[in-house]
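The lines below spell out each chain.
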Amino acid sequence: MKQSHNAGAREFGLRLWRALRQPLIAVLFGLLVGALVILACGQNPAAVYLEMFDKSFFKPYYLFSTLTRATPIIICSMATSMAWRAGYINIGVEGQMVTGTLVATVVALYVPGPPVLIGLLAWIAGMAAGALYALLPAVLTWKFQVSMVITTLMLNYVANNIASYFVTYPLKDTSGDGLSFHTPEIHEVMRLPRLSSSSTFNAGFLLAVAVMLLMVFITRKTVFGYESKMGGFNPSFARYGGTKQVKVMMITMALSGAIASLAGSAEVFGLKYRYSDGMLSSTSYAWTGLMAALIADLDPIGMFFVSIFLSGLQIGGSAIQRSLGIPLEIATIIQCCITLFVSVKLVFKIRKKKASKEEVKEGGVKA
Amino acid sequence: MNSAYIASILNSTLRSTTPILLAALGSAVCSRVGVFNIALEAQMLIASFASIAVNYFTGSILLSVSAGILSGALVGLIVAVLQVKYKAADMVVGTSLNLLIQGGTTFLLYLIFGLRGSLVDNRLVSLAKINLPVIRDIPFLGRVLENLTIVDYLSYIIALLLFIWLFKTVSGFRILSVGINKAAAESLGTKAVRIQMGMVVLSGALCGLGGTVLSMGQVIMFTENMTSGRGFIAMAAASLGMSHPLMTILSSLFFGLCQGIGLALQNIIKSQLTMTLPYIATIVALVLFSRQLKPSAKLKKQGKA
């Protein structure tokens, strides 16, 4: 009994290590480049990194900020991977998130009825809107073979500008000083509970964990997960195997958009309680999520931890900007260098070489 | 809707076309050798920043334009090394570089100038404005061509030269052969990888010039992320122009017109709504002309996209 428990734990540990091995090495490379940039700024990298990690992971208050910021990033990375693993390069998670969140906020604010029910309805409406906004490029790809890379990106700008219009004019909260562009606050009953009394850490994080578990389940245990992965892996094989590509594409993209909307809804219902202009785009949640997905090679467990790490970099980055005068974009630079290193598959190559050597050894023994 | 109004719309159309056209030509030369380069945005943005930075410290137009072109080419070189030489995934490289340059320029703006948002300074010099002697006095045409910069004219000449080079010379055919069948071209002794890398660097230089016009043309300033998707619009323009330099002029003019109309409508409709126009137009144009594109070649690329 105890043994099987140990074996399960070991297997989980092994799986965790396998998911994190590639990201970890790439992260070291990224931090190395970051250190060079910090040196070029005339500062001591060790001291800067210490300060950065102190004010993102080591102190409880900052750790809570990191986890709070990680919530939408984790969900966005799941939304990205949903599409990418099936071979659909959806870089429009931001637009899908913005559309879904705006709709959810409007429903929460203006649909009459008991707050608990309306709150629930708002999340569902948001998911539906996000899904529809993701289906638009999918349909265009299916019917007209239009590049999804371009359409999804263009739709980001469309969504951001239209959301900005709504928040600036028809939906603007006129009760305050009138200087800030945001909607009124949602009803107290609809707000997600706080998980810590001293910070803004809220139940949105549990939602992110749930989405991660859902992704693990979809990718490892369902027929749909297999079919969509096969479509991305080898389209002609998938067709040969009887996979209905169009149907899989539509479901994949709709799910991607629906998940994306959750990221923004968690931000509104758990943290800000209102939609304000640029709250989801200026924070680049979607792009950080995309980076996390790339670094973790689309593995849900890996993406979860990488998202938290990237979020910590950003929280730490704004801390060192305040105290040391190094711009917080240092976080972006480190992040992008990590993905560039991942893209060259440096790590992968080293691993492959080892693997092939071992194979040769084994072959030698057999012979 | 009088003629002066139309002339001013056409004038801003021509100005908005230039950066898109130059970047679209950059995209076209990449597709012609079979490289899918989506780091156009990065190649443009770094040039917008580098040219303004050099402009600020030297006040020399020649040096700023060179800095723009060189910095664009440098980012192109990174793309070439990672994507062509090390065969890294195009989407990952492109997306990472676009974000890296977006963060990097913001980082440098703060580090060098201590600024957030944008850099405007009356020490900055703009590209020379040209008002052609006789044409200036023709009522309608004079207004349409008013205050264009030398690069606005140059971009069309570059398109023409690219057409002649790629389609009318031997070295051009050699380059095109790499895109048509890399293995066959290599078997004939063409250094395919080197040509591909060279073309990506050229696309960097072209985008660099485009980014320079953006920050030193009709406005003289650098703003964080000022390219705002133009690299991707340029990709769409190149794709509509079937990566043919002369056809790309037409498709780029179309996108320039959309931006021109968008600017003109800002007085009537709220700016947030008019700003969506170029992006919606891009999608609509891609859909409308999709049937004319070669489906087999396109599908292969978009099986991924």
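Anyway, here's the lowdown on the structure attached to this text. A quick note: this is a predicted structure, and the numbers were derived from the prediction, not measured.

**Structural notes on the interface of chain B and chain A**
So, point 1. Between chain B and chain A, the contact holds 44 residues from the first and 47 residues from the second.
So, point 2. When the two sides are added together, the surface that chain B and chain A hide from each other amounts to roughly 4100 Å², 80% of it contributed by carbon and sulfur.
So, point 3. Our count for the contact surface shared by chain B and chain A stands at 1 salt bridge.
So, point 4. Element by element, the count of residues in the side of chain B that touches chain A is highest for helix 4 (residues 90-113) of chain B, at 14 residues.
So, point 5. For the side of chain B that touches chain A, the class distribution of residues is 26 nonpolar, 13 polar and 5 charged.

**Side note on the side chain of Thr288 of chain A**
So, point 1. Its location among the elements puts Thr288 of chain A in helix 11 (residues 285-295).
So, point 2. Its relative accessible area of 2% is what places Thr288 of chain A among the buried residues.

**Concerning helix 6 (residues 150-168) of chain B**
Residues and elements named next belong to chain B.
So, point 1. For helix 6, built from 19 residues, the straight-helix expectation of 27 Å at 1.5 Å per residue is met to within 8% by its first-to-last C-alpha distance of 26 Å.
So, point 2. Taken residue by residue, helix 6 has Val151, Asp152, Ser155, Ile158, Ala159, Leu162, Phe163 and Leu166 as its buried positions. Buried residues of helix 6, seen end-on, are gathered within an arc of 140° and therefore sit on one face of the element. In this structure, helix 6 carries Leu161 and Lys168 as exposed residues pointing more than 90 degrees from its buried face.
So, point 3. Buried residues along helix 6 sit in contact with helix 1 (3-32), strand 3 (148-149), helix 7 (170-180), helix 9 (192-216) and helix 11 (245-265).

**Considerations on the environment of Leu102 of chain A**
Residue and element names in this part refer to chain A.
So, point 1. For Leu102, the location among the structural elements is in helix 4 (residues 93-110).
So, point 2. As a C-alpha pair, Leu102 and Ser265 span 163 residues in sequence and 8.4 Å in three-dimensional space.
So, point 3. Residue contacts for Leu102: discarding those within four places in its chain leaves Ala163, Phe166, Val167, Leu171 and Tyr275.

**Some points on the packing of helix 1 of chain B against helix 10 (residues 230-240) of chain B**
Residue and element names in this part refer to chain B.
So, point 1. Contact pair helix 1 / helix 10: the axes reach a minimum separation of 8 Å and the direction vectors enclose 65°. As helix 1 packs across helix 10, the resulting crossing turns out to be right-handed. Residues Ile20, Ala23, Ala24, Ser27 and Ala28 of helix 1 form the contact with helix 10, whose participating residues are Ile233, Ala234, Met235, Ala237 and Ala238.
So, point 2. When grouped by side-chain class, the residues that make up the contact of helix 1 with helix 10 number 9 nonpolar, 1 polar and no charged.

Analysis parameters
- Residues numbered from 1 in each chain as written.
- Chains lettered and ligands numbered in written order.
- Predicted model: local features only at pLDDT ≥ 70, side-chain atom pairs only at ≥ 80, totals over all residues.
- Heavy atoms only, no water.
- Contact = heavy atoms within 4.5 Å.
- Buried area = accessible area lost by both parts, 1.4 Å probe.
- Salt bridge = Lys/Arg side-chain N within 4 Å of Asp/Glu carboxyl O.
- Helix = DSSP H or I, 4+ residues; strand = E, 2+ residues; numbered from the N terminus.
- Nonpolar A, V, L, I, M, F, W, Y, C, P; charged D, E, K, R; others polar.
- Buried < 20%, exposed > 50% of the residue type's maximum accessible area, 1.4 Å probe, protein only.
- Expected span 1.5 Å × (residues − 1).
- Arc of directions from axis to C-beta.
- Axes fitted to C-alpha atoms, helices over the stretch in contact; angles between N-to-C directions.
- Left-handed = near helix turned anticlockwise from the far one by under 90°.

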